[in-house]
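# Architecture and fold: a report
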Amino acid sequence: MLSGLVVAALVFAAVPAHAGEPGPSGLGDPYYPGAGNGGYDVKHYDVHLEYDPATDVVSGYTTVLLTTTRELSGVYFDFALPVRWTKVDGREGGFAQHHKELLVGTGGDVPAGTNVFVTVGYSVSPSDTHADVPVTMWKRTPDGALAIAAPSMSPWWYPSNDHPSDKATYDVAITVPAGVEAISNGELLGTYPQNDGRVTWGWYSGTPQTTYATFLAIGQFDLRRSTTADGKPVLNAYSTALSGTAAQQSVERTPEVVRFLEGKFGAYPMADLGGLVTPYTSSSLETQTRPSYPAWVFRNGPNTYVVAHEMAHQWFGNSVSMSRWSDIWLSEGFATYAEWLWSEANGEGTARELANWTYNYYAADHEVWDVAVADPTPQYQYGAAVHERGALALQALRTEVGDAVFFRTLRTWAERKARGNGTSAEFAALAEEVAGRDLDTLFRTWVFSAGKPVVMTAAAATAEPVSFRQIHRR
């Protein structure tokens, strides 16, 4: 977040002296106080870029349609790349940058409730770093580039309100040399040849998505397209650098996995589905509609558990997103529990057996119990304290209320919060509503407190280790 002195200097440079204040340059998230920006709500991103793999240069512009939520004289965006020009409602405007903050002056006070189009132009290699931003998340690959990462990726390829509480729809148009693929979220509108021999790939995401779940993958990919039984487009993209067939044997089963999850969570909340596999990423990510998988997760052969995990995120994490980063168990814990349900359906260990084994795996003095599931701290937000303990909390709830109430709770949560955000307290309140009774002790024990609970369930039984857990989690 910018200091008061720097803010004053930027406001003076970017907007007329008579103007009021710009919105805050951070939303004050307890884990990432500078993430996101205040004073407006993004409705739509329109990203138009050109990329040359030979030079690693990105050129183009992004137009952000936003609605002000207070009177503003300027708007902040999270953006690390040097800006060449800006426009507000088609008129050239002033701007200033410091670190990863971009301030665009609106040319005067804009009342609350006003729709504003802000366009930002830029041309640069995102791999280049400078003193203000010494580390880039942009990844150049032997055949192109990847913009896939969490918790923050957008500042290295488009200006954004980079926090999961502000979701928006997207148009992404990427122009690349002929013979190169450019993959993103949602529906492939088409590929459009240009007069200079290049090709523009057009993508549309009509379901609001978070910035960290928005991705760009450029390079050599084998595209496989099909349609689900109910008419949804499926597009899978496999890097041509992959070896073996385990990735395809897993990701091509995505429609089957989705049908199973629909039986547990309700109707699939997206218009498209698929996956992307590349050897150039280090971890899987629930990029919306089309999760990204690193090649290594298929090193031991077909792995549909990772597909179940990432596709479960389309309900929990993408459709229903966290309101703040401390609520990440509502995404990761639910997705891990989907793996347990998939195991249960495939006769490779029930969710209860997996929960009991996981509970017994971690001794009471293990660091996994040092934080609360609903407040894991940035240090543990992507570890077992969230993934596995979040799943343990769900199994404890299932045991307490029974299957009928438990799955009705999950479906109700997915339906009521669809396209929006939720908190741990809201989920606990909903569970009590559906169950028709007080569940304060259960949630206080499993979600809101640190420490290992005394027992896994009221009727805990030690289970033998299950093979897929040992292979894919240990």
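So, a few notes on the structure that sits alongside this text. The structure presented is a predicted model; accordingly, all values stated were derived computationally and were not measured.

## Observations concerning the environment of A404
- Along the chain, the position of A404 falls in helix α9 (residues 403–416).
- Judged by its relative accessible area of 55%, A404 is exposed.
- C-alpha separation for the pair A404 and A435, spaced 31 residues apart in sequence, amounts to 9.7 Å.

## Thoughts on the packing of aromatic side chains
- All chains considered together, the criterion is met by 26 aromatic pairs.
- For the ring pair Y40 and F77, a centre distance of 5.8 Å and an interplane angle of 55° mean the geometry is tilted. Of the two residues, Y40 sits in strand β1 (residues 40–52) while F77 sits in strand β3 (residues 72–78), which places them 37 residues apart along the sequence. Both residues of the pair, Y40 and F77, belong to the buried class.
- Plain terms: the ring middles of Y45 and Y158 are 5.4 Å apart, the flat faces sit at 70° to each other, and that makes the pair edge-to-face. Here Y158 lies in the loop between β10 (144–147) and β11 (168–177) and Y45 lies in strand β1, a separation of 113 residues in the sequence. Comparing Y45 with Y158 shows no difference in burial state: the two are buried.
- An aromatic cluster is defined as three or more aromatic residues linked by ring pairs; in this entry it consists of F265, Y268, W315, F316, W329, F334, W413, F427 and F443.

## Re the sheet that holds strand β8 (residues 115–124)
- Here we have eight strands laid out as an open sheet, ordered β5-β4-β8-β2-β1-β11-β14-β13, and mixed in their pairing. What marks the edges here is a single partner per strand, and that holds for β5 (91–92) and β13 (187–193).

## With respect to unusual backbone geometry
- Geometrically, the link from A150 to P151 is a cis peptide bond, its omega value of 10° lying close to zero.
- Structurally, P151 is set in the loop between β10 and β11.
- Not every positive phi belongs to a glycine, and R419 is a case in point at roughly 65°.
- With relative accessibility at 49%, the residue R419 sits in the partly exposed group.

## A look at a nonpolar patch on the surface
- Among the surface-exposed residues, L189, Y192 and Y204 lie close enough to one another that they form a single nonpolar patch of about 280 Å² accessible area.
- For Y204, the location among the structural elements is in strand β14 (residues 198–209).

## Quick look at the sheet that holds strand β15 (residues 216–219)
- Spatial strand order, β9-β10-β15-β12: four strands in an open sheet with antiparallel pairing. Sheet topology places β9 (139–141) and β12 (181–183) at the edges, where each strand pairs with a single neighbour. The sheet shows a mean angle of 15° between the axes of neighbouring strands, taken without regard to direction.
- Where β12 and β15 come together, three bridges link them in antiparallel fashion.

## Points about the pairing of β14
- In terms of burial, β14 is a largely internal element, nine of the twelve residues being buried.
- Across six bridges, the pairing between β13 and β14 is antiparallel. Paired with P193 across the strands is V199, a residue of β14.
- Counting the residues that bridge the hairpin from β13 to β14 gives four residues, and of these G197 lies at a positive phi of roughly 90°.

## As for the pattern of salt bridges
- Scanning the entire structure with this criterion turns up 13 salt bridges.
- Here R224 and D222 are joined by a salt bridge, their closest N and O atoms 3.3 Å apart.
- Given a relative accessible area of 34%, R224 falls into the partly exposed group.
- Relative accessible area serves as the criterion here: at 32%, D222 is assigned to the partly exposed category.
- R398 is the partner of E344 in a salt bridge, and the nearest nitrogen-oxygen pair spans 3.2 Å.

## What about the nonpolar core?
- With 77 residues, the main nonpolar core has W329 and F427 as its most contacted residues.
- For this core, the leading source of residues is helix α5 (residues 329–345), giving nine residues.
- With residues up to four places along the chain from it excluded, the contact list for W329 reads F334, V373, A374, V386, G390, A393, L394, S424, F427 and V447.
- One finds V47, Y158, V176 and L188 within the second-largest nonpolar core, a separate group that totals 57 residues.

## Some points on the side chain of N37
- As for its position among the elements, N37 is in the loop between α1 (4–14) and β1.
- The exposure class assigned to N37 is buried, which follows from its relative accessible area of 1%.
- Polar contacts involving the side chain of N37 include one to the side chain of D78, which spans 3.0 Å.
- When sequence neighbours within four positions are dropped, the list of residues in contact with N37 reads P24, S25, G26, L27, Y76, F77, D78, E101, S160, N161 and D162.

## Quick look at the environment of T200
- Mapped onto the fold, T200 is located in strand β14.
- Take T200: its relative accessible area is 11%, and that puts it in the buried class.
- For T200 and A178, which are 22 residues apart along the polypeptide, the C-alpha to C-alpha distance reads 9.0 Å.
- The residues touching T200, leaving out its near neighbours within four places in the chain, are A173, I174, T175, G190, T191, Y192 and Q194.

The rules behind the values
Residues numbered from 1 in each chain as written. Predicted model: local features only at pLDDT ≥ 70, side-chain atom pairs only at ≥ 80, totals over all residues. Heavy atoms only, no water. Helix = DSSP H or I, 4+ residues; strand = E, 2+ residues; numbered from the N terminus. Buried < 20%, exposed > 50% of the residue type's maximum accessible area, 1.4 Å probe, protein only. Phe/Tyr/Trp six-rings, centres within 6.5 Å; stacked < 30°, edge-to-face > 60°. Pairing = 2+ DSSP bridges. Patch = residues over 30% accessible without salt bridge, like charges linked within 9 Å, V, L, I, M, F, W, Y side chains within 5 Å. Areas by Shrake-Rupley, 256 points an atom, 1.4 Å probe, with all protein chains shown as cover. Salt bridge = Lys/Arg side-chain N within 4 Å of Asp/Glu carboxyl O. Axes fitted to C-alpha atoms, helices over the stretch in contact; angles between N-to-C directions. Core = buried A, V, L, I, M, F, W, Y, C linked by side-chain atoms within 4.5 Å. Contact = heavy atoms within 4.5 Å. Polar contact = N/O pair within 3.5 Å; in protein donor to acceptor, adjacent residues only side chain to side chain.

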